[in-house]
Amino acid sequence: MDRSDDLAEKDNPELEAAFVDLKSKPTPKERPEAGNRFNTRLFGQLYAVKLGDNGRLQAVRSELVGFKPCRAPRAWVVSLR
């Protein structure tokens, strides 16, 4: 798999500098500005975040009427023939 376009694999000096600045602030009162700079750089490059896969397989019997697959199992508006 070619990951040559993956931003996570490339050097990012601006993001690294913002992170070092954030870590080096000695007091919590000094950190918000550095944190905002870090977040601005990070989220400015963010296009999509894969949060995971839902590998759940749902199967129903043929006499079940009204069932619609969903992320979480539901049983309302469902009846048997």
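See the structure printed just above.
Reading the values: rules and limits
- Residue positions within a chain follow its written sequence, with the count starting from 1.
- Per-residue local features of the predicted model are confined to residues with pLDDT of at least 70, and side-chain atom pairs are confined, for both listing and counting, to 80 or more; whole-chain, interface and lining totals are unaffected and use all residues.
- Working from all heavy atoms in the structure, the side-chain values ignore hydrogens and water.
- Strands are runs of DSSP state E lasting at least two residues, helices are runs of H or I lasting at least four, and both sets are numbered from the N terminus onward.
- Contacts are assigned to residue pairs that have any heavy atoms within 4.5 Å of one another.
- Each accessible area is a Shrake-Rupley estimate made with a 1.4 Å probe; only the visible protein chains count as cover when residues are assessed.
- The salt bridge criterion pairs a side-chain nitrogen of Lys or Arg with a carboxyl oxygen of Asp or Glu, the two atoms within 4 Å.
- To sort residues, take the accessible area from a 1.4 Å probe on protein chains only and compare it with the maximum for the residue type: under 20% means buried, over 50% means exposed, and anything in between is partly exposed.
- Orientation is described by axes fitted as lines to C-alpha atoms, over the contacting stretch for helices, and by angles from 0 to 180 degrees between their N-to-C directions.
- Working rule for angles: under 35 degrees goes down as roughly parallel, over 145 as roughly antiparallel, 65 to 115 as roughly perpendicular, anything else as oblique.
- Left-handed describes a crossing whose near helix is turned anticlockwise from the far helix through less than a right angle; right-handed describes the clockwise counterpart.
- By this rule, a helix spans an expected 1.5 Å times one less than how many residues it contains.
- By construction, the arc corresponds to the directions joining the helix axis to the C-beta atoms.

Scanning the protein from terminus to terminus reveals two helices and two strands. Each helix and strand of the protein, placed in order from N terminus to C terminus, yields the pattern α-α-β-β. For the protein, contacts bridging at least 24 residues in sequence account for 15% of all contacts bridging at least 6. Summed over all atoms, the accessible surface of the protein reaches about 7500 Å², with 56% contributed by carbon and sulfur.

Scanning the entire structure with this criterion turns up five salt bridges. Arg-37 serves as the salt-bridge partner of Asp-21, at 2.0 Å between the closest nitrogen and oxygen. Of the two residues, Asp-21 sits in helix H1 (residues 13-24) while Arg-37 sits in helix H2 (residues 31-44), which places them 16 residues apart along the sequence. Through salt bridges that share partners, Asp-21, Lys-25, Glu-33 and Arg-37 make up one connected network.

Let us now look at the environment of Val-77. Structurally, the position occupied by Val-77 is in the loop between strand E1 (64-65) and strand E2 (79-80). Accessibility expressed as a relative area gives 71% for Val-77, which makes it exposed. Once the C-alpha coordinates of Val-77 and Phe-67 are considered, the two residues, ten residues apart in sequence, prove to be 7.5 Å apart.

A packed helix pair is summarised by two numbers, namely the angle formed by the two axes and the spacing between the axes. For the pair H1 and H2, the least separation of the axes is 9 Å and the interaxial angle reads 160°. With respect to H2, the axis of H1 lies roughly antiparallel. Seen along the crossing, H1 lies across H2 with a hand that is left-handed. Where H1 approaches H2, its residues Glu-14, Leu-15, Ala-18, Phe-19, Asp-21 and Leu-22 are matched on the opposing element by Arg-31, Ala-34, Gly-35, Arg-37, Phe-38, Arg-41 and Leu-42.

The subject of this paragraph is H2. Residues lying three or four places apart along an α-helix face the same way, a consequence of the helix completing one turn every 3.6 residues. In this model, H2 (14 residues) spans 20 Å end to end at C-alpha, consistent with the 20 Å of a helix rising 1.5 Å per residue. All of the buried residues in H2 are Ala-34, Gly-35 and Phe-38. Each buried residue of H2 sits inside an arc of 100° when the element is viewed along its axis, so together they form one side. Relative to its buried face, H2 has exposed residues pointing more than 90 degrees away, namely Glu-33, Thr-40, Phe-43 and Gly-44. On its buried face, H2 is in contact with H1.

So, on to the environment of Lys-68. Assignment of secondary structure puts Lys-68 in the loop between E1 and E2. Given a relative accessible area of 57%, Lys-68 falls into the exposed group. Considering only alpha carbons, one finds Lys-68 and Val-78, ten residues apart in sequence, at a separation of 8.9 Å.

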